[in-house]
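Take a look at the letters that make up each chain.
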Amino acid sequence: MILPALLTSAGFNIVICVGFFSLYSILRKQPLNLKVYFGQRLAQLQPGQKNHYFFDRLIPSAGWLVKAWEASDDDIYACGGIDGLVFIRLIVFCIRIFSVAAVLCIFLVLPVNLFGQAIDQTTPDSQMDIFTIRNVQEGSTGLWAHFFALYVISICSYVLLYIEFKNVARMRLEQVIRFPRKPSHFTVLVRGIPWYPGESYSEAVRKHFSSCYNLNYLAHQMVYRSGTIQKLMMETEKMYKVLKETPINQYVQPINLECLPSSNPLKMVASETEVALRKHKRDKKSDLRDQECPAAFVFFRTRYAAMVASHTIQSKDPMLWVTDFAPEPYDVYWANLCIPFRYLWIRKTLVFIGSILFSVWFLLPTTLVQGLVNIASLETTFPILRGISQRQYANIISGYLPSLVLTCFVLLVPPVMLMFATLEGAVSRSGRKKSACCKAIIFFYWNIFFYNLFTGTWWDRMNKLTYTGLKDMATLLGNLIPGQAPFFMTYIMTTGWASLAYELMQPFVLIVNWICQFVLMRKEGYGDLYTFPYHTEVPRALLFSLLGFTFSILAPLILPFLLIYYFFAYFVYRNQILNVYITRYNTNGSYWPVAHNSAIFSLIFMQSVASIIFGMKKLGTASAFAFILIIFTALFNLYCRHKFLPLFTNKAVQDLIEMDRHDEYSGKLEEVLSRLLSSYNKVGPYSGNHPTDLLSPEYKKYDDDDKDKVCRKEQKFVKTWKVKMAQCLAPSVQWQMRLTKNAMEPSSMTSKMWNSFSLKPSRKGALKTSTKFRICASANGTINRMEDLLNLDVSPYTDKIIAEYIWIGGSGTDVRSKSRTLSKPVEHPSELPKWNYDGSSTGQAPGEDSEVILYPQAIFRDPFRGGKNILVICDAYTPQGEPIPTNKRAKAAEIFSDSKVVASVPWFGIEQEYTLLQPDVNWPLGWPVGGYPGPQGPYYCGAGADKSFGRDISDAHYKACLYAGINISGTNGEVMPGQWEFQVGPSVGIEAGDHIWCARYLLERITEQAGVVLTLDPKPIEGDWNGAGCHTNYSTKAMREDGGFEVIKKAILNLSLRHKEHISAYGEGNERRLTGKHETASINQFSWGVANRGCSIRVGRDTEKAGKGYLEDRRPASNMDPYIVTGLLAETTILWEPTLEAEALAAQKLALNV
């Protein structure tokens, strides 16, 4: 290719890119294009946001580049998942390695090429060859520069590939732990189910797994074929729900929906169909069997059991009972589940043949493209075209047109490969896209790279092969590869630069959106939400990396073109992931092994070509050492595959077992399993009919009548239990007990009941109550025997006291306790004996070595027993004296005992929010069961029976804390009805954690007596309802003194630099609460402000005005461990020192002048 043709192509592509980028910066500001350019974030836009002025919307700007640059990895992860983050890391890897290559080769290798003088006379066709290794003479010492560059690039590639592989593997492991309750962890997809005469597939599955996995098998769900009518009913029902349930904007005139029936006709049809189906199944079971596919989802009680089943051959015939982990529900490609497993090899064979035929067909455009590039040779071969190279548009034909034609044909490849992946029988959407990606990579490498190498200057090469023979093929290849660099430069510009502009503009979606709005008059426009096209973009990025590695030392001029592509790709793809594409499913980073293998192939090819050329240039030593480098690359790849690849194909047994144990001990296992059974129900058009008789008996769903029956049985049981309990506690025949109507209700909240929490000390200090005990209330005023025993003052009869030892359980949020008798009252924890408990029953020790030792640490008065009885806060240790993993107090005590921390006198004021739930239904107190109260607003600090729910519990807890000696400073009702808050502090150092845990214990005991459920879930109710946090106010001595505001800002700076560490320790499920809404900051971004409750760190207005005071960390969740949070705050702000560079960058970002 001649230089003017290359410049012509560059000019065309630069104009297209600048025009598209400028046009995009204008179009993205137009309100009518929101669904096109902000599909990902459209749901997050608030109606009160300020629009751009009309004039501003017509001016191009680079604001989107700034936002894409400022987005953190956490933002990318939140929007694109691990796959999105892995793709961005692939782009960053290419930027790093080719930046090193560009600096090295342009300043070291390129001058050697330029002044090599191996080409005596330059012709228009060889103008670009003087910049390549072809211009270096044989035996020249300048070739050692190429050798040095080869080794440096290879070593840097090894280091970067190892680091990235390690980081992605770590992210993949963290993904499993971060989302421990995914349905796929418990579910196995079974295919190739054998058919037995007189037995359905469902019966075969039940028998097989009940026999082989009796203890862990839970249930299964068959896959059924769906007909056209069933699909139509599902889509019609979906449309009905949209019309019936979509809220009407208050500024838009309501639409009359009287034409719609009050009840869902589809539900009526479904109900009637279900009744008819039950009757029909009894008579003709063969009809249902005919609809079954030989595939099923099998559910297990534990993750470990599911993993064992998925990795085990179930029968002697490997084609039967084929098991594997099931995809996530929204990742299942339902259409392929009905394909018999035994036919898959035929499909794969046909796809392989189809791929070969498609590659052969692709030779035609490849040959055409190379003919256009070598227009002079084309004139010689075809006399009819003579003179065309002299025309004014010759540079367009030989420079821009070839790459444009090839780009147009390349657009066909990803859809065709996606079709091939579908025909192969992929059972997951992510797996289908990954398979298409791998096929496209192979196709690009062979058909675009190698075909163009072999077909470029085809006529000259055939003549050389005729004269030299096949034995010099390697030498010929080494000579001809550098000559193809100009063509690939134009290809990078047309397929790379211009494609990025096309990707940014989304012209197809944009045009369709305009047609919908202006032609079809649909105000909502068009803007379907798409997933990221990994099968298109990953192969393109990896093809360019192959070009970069191959030509870096042969023709270094290609590197600036590549770097421009990767730099713009970094901004464009980050913008698209953040704003345009949604993430419905993920491969959990499985694209990185594909990228790693491609990079290894590129390195080996680069080193092989370099070894050939060094030998051809009479530099045998360099050729031999380049060959050694090939062997080292292969060994490096083998090491990485053995170290990291198993983490991408398997799950860690240790993590699965730990998660199973955690769920079992925390009581969440049953909840997880109950949700699991409906997770694969009605997802996708081929979900089919799912009979409930496949479920285990304890997990069958009840209809409304069944629920009423169960409730009546439970009420009857509670009433009977109360009567029997009262009889047991009343041996006297003269004692009379009558149950009032209110007493029969287990969840009633009468004011009479709460009088029992009015603390009235007797003359001897015993804690008395003003009314009778709730369960055993006496209608005639006779003193209840049980109440008398509960409030009995034993101090006149003995010096012994009762000590309630309290510790934190295995989940890290549950409190456990047990009582023991002490011979005399104590004043200090050091006077108390150590004790032990069975750690295997709390999830804190194995059964074969279950003894855990309790160390008393803090003493409080016991408000339940009164007198000199005490509550003892303890932490847990092994018999050898080592803190157990759930003992977070030991680490906090170590921090607070540091001399620097002691001198700083850290104060903490903790605002503990909590939610009260109705028993049995686990629905907020005061809410209609299954329904919702009015919107938030009147409940915060509200009064009244319709605004305040659970005030008696809050007041009783307040008094109990004061009696116990807890430094409680206040309480109030919260924004969400049924939610309350109490504040503890100011407390110094480790004391804050002790007081919070004791206050939580008292709250658990009080709600236990009230028959109300306490939850510290940070987001108990999804939707437009506030979550529950544990805001932590914090100050040091320096902050409270004059000039303390500067110390506060320095502390905020440190907190910003350790944001991720703090967030990871601030409570489980906090990502559901920290969304940027409901008075919270985004979990992915640190922020601070004065009097701003939407920031991570809030500084009070009084603090700013006085120049001293405290800060409020609003990030901790309600279920946080106060030992962890207070210890981290002290460590980060007092003991930890950041680097000056990090501190300066953070100060600039947060606008902190420290």
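In the block above lies the structure referred to throughout.
Summary of the structure given here. Not measured: the values here are computed from a predicted model. (Residues numbered from 1 in each chain as written. Predicted model: local features only at pLDDT ≥ 70, side-chain atom pairs only at ≥ 80, totals over all residues. Heavy atoms only, no water.)

**What to know about the overall build of the protein chain**
Helix and strand counts for the protein chain stand at 40 helices and 20 strands. For the protein chain, the residues scored as buried account for 51% of the 1154 residues in total. For the protein chain, restricting intrachain contacts to residue pairs at least 6 apart in sequence, the fraction spanning at least 24 positions comes to 75%. Surface exposure of the protein chain reaches about 55,600 Å², of which carbon and sulfur atoms provide 59%. (Helix = DSSP H or I, 4+ residues; strand = E, 2+ residues; numbered from the N terminus. Buried < 20%, exposed > 50% of the residue type's maximum accessible area, 1.4 Å probe, protein only. Contact = heavy atoms within 4.5 Å. Areas by Shrake-Rupley, 256 points an atom, 1.4 Å probe, with all protein chains shown as cover.)

**Some words on the state of the cysteines**
Taken as a whole, this structure holds 1 disulfide when the rule is applied. Disulfide partner of C293: C338, at an S-S distance of 2.4 Å. Handedness here is read from the sign of the S-S torsion; for C293 and C338, about 75°, the answer is right-handed. Of this pair, C293 sits in strand β3 (residues 292-300) while C338 is found in the loop between β4 (322-325) and α11 (344-361), placing the two residues 45 residues apart along the sequence. A single burial state applies to C293 and to C338, both of which are buried. (Disulfide = S-S within 2.5 Å.)

**Some details on the packing of helix α21 (residues 534-551) against helix α23 (residues 591-616)**
Orientation of α21 relative to α23, taken along the N-to-C sense of each, is 25°, at an axis distance of 9 Å. Taken together, α21 and α23 sit at an angle that is classed as roughly parallel. Judged by the sense of rotation from one axis to the other, the crossing of α21 with α23 is right-handed. Facing α21, whose interface residues are Y534, V538, L542, S545, L546, F549 and T550, α23 presents Y591, V594, A595, S598, F601, S602, L603, F605 and M606. Looking at the contact of α21 with α23, its residues break down into 12 nonpolar, 4 polar and no charged. (Axes fitted to C-alpha atoms, helices over the stretch in contact; angles between N-to-C directions. Parallel < 35°, antiparallel > 145°, perpendicular 65-115°, else oblique. Left-handed = near helix turned anticlockwise from the far one by under 90°. Nonpolar A, V, L, I, M, F, W, Y, C, P; charged D, E, K, R; others polar.)

**Topic: the sheet that holds strand β8 (residues 815-822)**
Taken in spatial order, the 5 strands line up as β8-β7-β11-β10-β9 in an open sheet, and their pairing is mixed. The open sheet has two edge strands, β8 and β9 (835-838), and neither has a second partner. Looking at each pair of strands side by side, their axes are set apart by 40° on average, direction ignored. The pairing of β9 with strand β10 (residues 851-861) spans 4 bridges and is antiparallel. Within β10, the position partnered with D838 by the bridge is E851. (Pairing = 2+ DSSP bridges.)

**Looking at empty space enclosed by the protein**
One water molecule sets the probe size; rolling that probe over the atoms shows where empty space is left. Counted according to the given criterion, the structure contains 9 cavities of 30 Å³ or more. Here the largest cavity defines a volume of roughly 100 Å³. In this structure, the largest cavity is lined by 13 residues; those nearest its centre are D83, T531, F532, Y534 and Y585. When residues of the lining of the largest cavity are traced back to their parent elements, those giving at least two are α4 (73-114) and α16 (429-455). For the lining of the largest cavity, the residue count by class is 5 nonpolar, 6 polar and 2 charged. The computed volume of the second largest cavity comes to approximately 80 Å³. Taken together, W807, I808, Q844, C874, D875, A876, T886, N887, K888, R889 and Y1123 make up the full set of residues lining the second largest cavity. Elements that contribute at least two residues to the lining of the second largest cavity include exactly β7 (801-808) and β11 (870-877). The leading source of residues in the lining of the second largest cavity is β11, at 3 residues. Split by residue class, the lining of the second largest cavity holds 5 nonpolar, 3 polar and 3 charged. (1 Å grid on protein atoms, 1.4 Å probe; cavity = no way out; pocket = protein on both sides within 12 Å on 5 of 7 lines; lining within 4 Å. Points joined across faces, edges and corners; volume = space filled by probe spheres on them.)

**Quick notes on the pattern of salt bridges**
Tallied over the full model, the rule gives 22 salt bridges. The partner of E164 in a salt bridge is R89, and the shortest N-O contact between them spans 2.8 Å. Of this pair, E164 sits in helix α5 (residues 143-178) while R89 is found in helix α4, placing the two residues 75 residues apart along the sequence. Salt-bridge contacts for K207 lead to E199; the nearest nitrogen and oxygen are separated by 2.6 Å. Under the relative-accessibility criterion, E199 is labelled buried at 13%. When salt bridges with common partners are traced through the structure, they connect R89, R96 and E164 into a single cluster. (Salt bridge = Lys/Arg side-chain N within 4 Å of Asp/Glu carboxyl O.)

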